[in-house]
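# Close look at the chain arrangement
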Amino acid sequence: MFGRLFTVCALIVAAKAAPTVLEKRAVTPLSSGDLSSLAPYTQFARAAYCSDGLKNWACGPACDALPGFQPTLVGGDGNAVQFFFVGYWPDQNTVVVAHEGTDPTQLVSVLTDANILTDPLDPSLFPGAPSGVQVHDGFRNEHALTASQILDEVKKLMAAHNTKTVTCVGHSLGGALAELDAVFFALNLPSTTTIKAFTYGTPRVGNSAWASLVDAKASVNSAR
């Protein structure tokens, strides 16, 4: 009972104390065709919740919906580190990086969401980011746990498959990590790289300066 109550309270606090929106963002309605084109990314986000089967891409319906995808790096424990995977998608000639969202049954996962203080980006991970950018401390710290490992794998796959496209996917907390990934890759990969991000139910990641940075680095090929 206490565990459930703590989880609910933590989520309420996180919702109420989120950073203030300084300007209203534009919203573009999606057609049925748009939604259909997003279906593969929905399945990638869904697959990130699988604790078993990711290494062999045999997690069930989500993996079955994306035949041919080749995972090369799988990690996380679903609690202190969200499950994640990196791989190559021949159908779109792109590297895909996906993160699991919040698991309400895992205490550390919930505490990541509840850590609502904002801080600057780590310049060692986000070189050249404007000084005014502030992001959710819990999301920033979670992202830092796997950023370098994932970047190394992305570089290897881009070279091995001669691709210049990286696609970031996630739902909930995983969406926040995917949004951070998109800017992280834009700042650490060659300028010729196309960064795509498809996120679902993404909480607010940072302030208006962060939103502007996302728009500048990863908004053209992205959907939230």
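Our subject is the structure that appears above.
Residues numbered from 1 in each chain as written. Predicted model: local features only at pLDDT ≥ 70, side-chain atom pairs only at ≥ 80, totals over all residues. Heavy atoms only, no water.

## Some thoughts on the packing of helix α5 (residues 137-161) against helix α6 (residues 173-188)
Running from N to C, α5 and α6 cross one another at 50°; their axes reach a closest spacing of 10 Å. Here α6 runs oblique to α5, going by the angle between their axes. Two packed elements cross with a definite hand, and for α5 against α6 that hand is right-handed. On α6, the residues touching F139, R140, E142, H143, A147, I150, L151, V154 and K155 of α5 are L173, A176, L177, L180, D181, F184, F185 and N188. (Axes fitted to C-alpha atoms, helices over the stretch in contact; angles between N-to-C directions. Helix = DSSP H or I, 4+ residues; strand = E, 2+ residues; numbered from the N terminus. Parallel < 35°, antiparallel > 145°, perpendicular 65-115°, else oblique. Left-handed = near helix turned anticlockwise from the far one by under 90°. Contact = heavy atoms within 4.5 Å.)

## So, the pattern of salt bridges
Across all of its chains, the model carries one salt bridge by this definition. A salt bridge links D137 to R140; the nearest nitrogen and oxygen atoms lie 3.1 Å apart. Here D137 pairs with R140, and both are found in helix α5, just three residues apart, close to one helical turn. Overall, R140 belongs to the partly exposed group, its relative accessible area being 22%. (Salt bridge = Lys/Arg side-chain N within 4 Å of Asp/Glu carboxyl O. Buried < 20%, exposed > 50% of the residue type's maximum accessible area, 1.4 Å probe, protein only.)

## Observations concerning unusual backbone geometry
Phi is positive for N93, which is not a glycine, with a value near 50°. Along the chain, N93 falls in the loop between β2 (84-89) and β3 (94-99). Despite not being glycine, N162 has its phi angle at roughly 50°, a positive value.

By themselves, these figures tell us nothing about what the structure is for.
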